[in-house]
Amino acid sequence: PNTYDYVFHVDFRDMIIQKDPFEYMKKFPEYDAFLTVEGMKISECQCNSTWAHSFNELLLSHRHNFTDHLVINTGTIGAKYSTFLNFCLLMFTNTNRIAKNYTFDQAVFNYLYPYFIQNPLVKICHPSETPFIVTGEGVKRGHVDIKFDGNKVLNLNDEAYYIVHQWDRLEFAENIREN
């Protein structure tokens with residue numbers, strides 16, 4: 001039996017938890033999933049563009065150019081328990097295939113972005129609009145403005161982000177490491 005309401009998947013190598021992300025998700029019980037965009041379009045990031053192209057090559061039908069969509073970061077996914085299990089199956093079935101190039105879970109989610117934004121059960125969190133998650137890549141590329149108060153990474157409304165992913169890509173990474 002399931003004893004958890006929510007699950008949170010993270011890349012722990014480059015993740016800082018500043019506040020409890022489950023508290024954020026519980027504020028929005030109408031959503032089953034919480035996905036974070038990095039702030040830039042797929043076309044503005046070479047690795048995501050390459051992954052998008054490689055994923056499209058695998059498809060027998062429903063190919064489309066999705067490089068004008070925002071990058072969904074799959075290093076940070078929060079969801080209700082059953083939705084998260086479905087996401088795991090989605091990632092597994094789309095990445096576990098014989099292909100010329102490796103298929104990354106982020107390419108799959110980026111392909112599905114137009115479906116996610118139309119789904120009323122999925123909350124797409126943009127770091128300029130919510131304090132849920134910010135990614136260092138989006139900040140480094142100039143798509144998200146943030147502050148560092150000497151202790152925590154903040155949005156422009158002085159709210160601490162719950163999660164800072166890819167913190168080591170921020171200009172004040174050494175200051176963060178020291179804290």
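All residue numbers here refer to positions counted from 1 along the written sequence of the relevant chain. Selection of residues for local features in this predicted model requires a pLDDT of at least 70, selection of side-chain atom pairs for listing and counting requires 80 or more, and totals for whole chains, interfaces and linings are taken over all residues. Calculated side-chain values reflect all of the structure's heavy atoms, with hydrogen atoms and water omitted.

Undergrad: For this particular structure, what's the right way to read the sheet that holds strand β6 (residues 133–135)?
TA: Taking strand neighbours across the sheet as the criterion, the 3 strands line up as β2-β9-β6 in an open arrangement whose pairing is mixed. Two strands lie at the open edges of the sheet, namely β2 (15–17) and β6, each paired on one side alone. Each strand axis lies, on average, 15 degrees off the axis of its neighbour in the sheet, ignoring direction. In this sheet, strand β9 (residues 163–165) lies alongside β2 in antiparallel orientation, the contact comprising 3 bridges. Its bridge partner lying in β9, I16 is registered against V164. When DSSP finds two or more bridges between two strands, those strands count as paired. Strands are runs of DSSP state E lasting at least 2 residues, helices are runs of H or I lasting at least 4, and numbering of each runs from the N terminus. Inter-axis angles, ranging from 0 to 180 degrees, are taken between N-to-C directions of lines fitted to C-alpha atoms, where helices are fitted over the stretch in contact.

Undergrad: What am I meant to see in the layout of surface pockets here?
TA: The method is simple in principle: a probe with the dimensions of a water molecule rolls over the atoms, and the space it marks as empty is what remains. Method remark: on a 1 Å grid restricted to protein atoms, a set of points is classed as a cavity if a 1.4 Å probe fits but cannot get out and as a pocket if it is open with protein on both sides within 12 Å along at least five of seven lines; lining residues have an atom within 4 Å of a point. Grid points are joined across faces, edges and corners, and a volume is the space filled by probe spheres set on the points. For the largest pocket, the calculated volume is near 320 Å³. Forming the boundary of the largest pocket are 21 residues, of which D11, W51, Q106, Q166 and R169 lie nearest the centre. Put simply, the parts of the chain that give the lining of the largest pocket at least two residues each are β3 (33–41), α2 (46–58), β4 (70–80) and α4 (105–111). A class-by-class count of the residues in the lining of the largest pocket yields 5 nonpolar, 8 polar and 8 charged. The classification used treats Ala, Val, Leu, Ile, Met, Phe, Trp, Tyr, Cys and Pro as nonpolar, Asp, Glu, Lys and Arg as charged, and all other residues, Gly among them, as polar.

Undergrad: Help me out: how do you make sense of the pattern of salt bridges in this one?
TA: Where side chains of opposite charge bring their charged atoms close, a pairing between them can arise. What counts as a salt bridge is simple: a side-chain nitrogen of Lys or Arg found within 4 Å of a carboxyl oxygen of Asp or Glu. With the rule as written, the count across this model stands at 8 salt bridges. Between D168 and R13 there is a salt bridge, with its nearest N and O atoms 3.3 Å apart. Placement of D168 in the loop between β9 and α7 (173–178) and of R13 in the loop between β1 (6–10) and β2 is noted, with a sequence separation of 155 residues between them. Under the relative-accessibility criterion, R13 is labelled exposed at 63%. For E137, the salt bridge goes to K140, with nearest N and O atoms at 3.4 Å. Placement of the pair is E137 and K140 together in helix α6 (residues 136–140), with a separation of 3 residues, close to one helical turn. When accessible area is computed with a 1.4 Å probe and restricted to protein chains, residues below 20% of their type maximum are described as buried, those above 50% as exposed, and intermediate ones as partly exposed. Looking at E137, the relative accessible area reads 7%, which means it is buried. A network of salt bridges, in which partner residues are shared, links E137, K140, R141 and R169.

Undergrad: How should I be thinking about the nonpolar core in this particular structure?
TA: Side chains of a nonpolar character, in soluble globular proteins, are inclined to be buried together. Put simply, a nonpolar core is a bunch of buried Ala, Val, Leu, Ile, Met, Phe, Trp, Tyr and Cys residues held in one set by side-chain atoms that sit within 4.5 Å of each other. Residues L35, I72, I77, F87, F109 and F116 are the most contacted members of the largest nonpolar core, which totals 25 residues. Counting residues per element, the ones that place at least two in this core are β3, α2, β4, α3 (81–95), α4 and α5 (113–118). Contacts: residue pairs with any heavy atoms within 4.5 Å of one another. Those residues within four positions of F109 in sequence are excluded, and the remaining contacts are L35, I72, T74, I77, F87, L90, M91 and F116.

Undergrad: It is not clear to me how the pairing of β3 should be interpreted in this structure. Could you clarify?
TA: Consecutive residues of a regular strand have side chains that alternate between opposite faces of the sheet. Across the 9 residues of β3, 8 count as buried, placing the element largely inside the fold. Bridging between β3 and β4 involves 6 bridges; their strand directions are antiparallel. Within β4, the position partnered with A33 by the bridge is A79.

Undergrad: Whenever I open this one, the sheet that holds β3 confuses me. Can you help?
TA: Sheet strands pair via backbone hydrogen bonds, and the direction of the pair is either parallel or antiparallel. Reading across from one edge, β1-β4-β3-β5 is the order of the 4 strands in this open sheet, with mixed pairing throughout. The open sheet has two edge strands, β1 and β5 (122–125), and neither has a second partner. Geometrically, the sheet is characterised by an average inter-axis angle of 30 degrees between neighbouring strands, direction not taken into account. With 4 bridges connecting them, β3 and β5 associate as parallel partners. When the bridges of β5 are listed, T36 appears paired with C125. Sheet contacts for α3: β1, β3 and β4; angle to β4, the most-contacted strand, approximately 135 degrees.

Undergrad: Got a minute to help me understand the side chain of Q106 in this structure?
TA: Its place among the elements puts Q106 in helix α4. The exposure class assigned to Q106 is buried, which follows from its relative accessible area of 9%. Sequence-distant contacts of Q106, that is, excluding residues within four places in its chain, are made with E38, N48, W51, V71, I72, N73 and T74.

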